[in-house]
Amino acid sequence: MRTSGVLMHISSLPSPYGIGTMGKEARKFADFLKTEHSEIKMAYQITKEHVEEFIQYKKADCTTETLNTYRSNLKALGDNLNAVYKINVDFSIEKVTGCNGTKDIRTTPMDASDLVLLQHSYRKGTTGYNALLLAEIGGLRASEITKLKCSDIEITNKVGIIHIVDSKGKRNRDILINNKNDIRKLTDMMSCCSSGNERFVKCNTKSLHTNISRHMKQIGIRDKYSNQNFHSIRKMWSQKIYD
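Please read all numbers here as calculations on a predicted model, not as lab measurements.

Describing the overall build of the chain
Phase 1 of the analysis: Within the chain, the regular secondary structure consists of nine helices and three strands.
Phase 2 of the analysis: Along the chain direction, N to C, the helices and strands of the chain fall in the order α-α-α-α-α-α-β-β-β-α-α-α.
Phase 3 of the analysis: Counting only carbon and sulfur atoms, one obtains 50% of the accessible surface of the chain, whose full area is about 13,400 Å².

Next up, the structure:
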């Protein structure tokens, strides 16, 4: 049990405003920890896994330059923790590409065998399981999956229709499902809904990305797809349709 020492405030995260101020970098990291890791109460409880998760969390909406700023600041946070608590943490993170990065990352389709492994890392009916199922069957974006309600899926005469409302560009679209096995999976998923307004995935888009990314790391495939989980699954889906 720790009996003495100095408890560092989250503002110890370096920023352009200087250590000891609550700059935007510290606020973003604090907000992430509050949402995704509420069990963390003190700075010395932060691990490299939390730092890696945060970088992946910000990857979808940050430029490479901004991500590199976060990487540098978080590494300095680790150095400060080591100096104050006499511990040995290393928050060095490999360089990552942001949303303005190279195109080839997002165009890598996920292997079917990797998707099966990823699906098996979840229990049936859980948030991640349902999200992967919808991405596989209809090629849905993560933002579409988190808004999809039971009433948005219609199955009649052995044909399924997924109604996507207010998607990218504020457009609506319908996805036709003809595969018998896919329709069975959708029917099973819909049978668990208590009402038409119930969402299949009860979290926001960023939390979903973080959750899937965590499972991809656990089964050893995250680096293979540079954490572009849903982009890779959608590419796999579109390739299957094309073939």
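Topic: helix H8 (residues 205–218)
Phase 1 of the analysis: Compared with the 20 Å implied by 1.5 Å per residue over 14 residues, the 20 Å span of H8 between its first and last C-alpha is a close match.
Phase 2 of the analysis: Capping the start of H8, Asn204 holds a side-chain oxygen 3.3 Å from the backbone nitrogen of Lys206, two or three residues further along.
Phase 3 of the analysis: Just beyond H8, the residue with positive phi is Gly220, at close to 80°.

A look at the sheet that holds strand E2 (residues 159–164)
Phase 1 of the analysis: Strand order in the open sheet formed by three strands is E1-E2-E3, and the pairing between neighbours is antiparallel. Sheet topology places strand E1 (153–156) and strand E3 (173–177) at the edges, where each strand pairs with a single neighbour. Here the average twist between neighbouring strands, direction ignored, is 20°.
Phase 2 of the analysis: Here E2 pairs with E3 via five bridges, running antiparallel. Bridge pairing in E3 links Ile162 to Ile175.

Things to note about the environment of His50
Phase 1 of the analysis: Examined against the element boundaries, His50 turns out to sit in helix H2 (residues 48–59).
Phase 2 of the analysis: Sequence-wise, His50 and Phe91 are 41 residues apart; in three dimensions their C-alpha atoms are separated by 9.4 Å.
Phase 3 of the analysis: Beyond its immediate sequence surroundings of up to four residues, His50 is in contact with Phe29, Phe32, Leu33, His37, Glu39, Ile40 and Gln45.

Definitions and limits used
Residues numbered from 1 in each chain as written. Predicted model: local features only at pLDDT ≥ 70, side-chain atom pairs only at ≥ 80, totals over all residues. Heavy atoms only, no water. Helix = DSSP H or I, 4+ residues; strand = E, 2+ residues; numbered from the N terminus. Areas by Shrake-Rupley, 256 points an atom, 1.4 Å probe, with all protein chains shown as cover. Expected span 1.5 Å × (residues − 1). Polar contact = N/O pair within 3.5 Å; in protein donor to acceptor, adjacent residues only side chain to side chain. Pairing = 2+ DSSP bridges. Axes fitted to C-alpha atoms, helices over the stretch in contact; angles between N-to-C directions. Contact = heavy atoms within 4.5 Å.

Remember, this is a structural readout, not a statement about activity or role.
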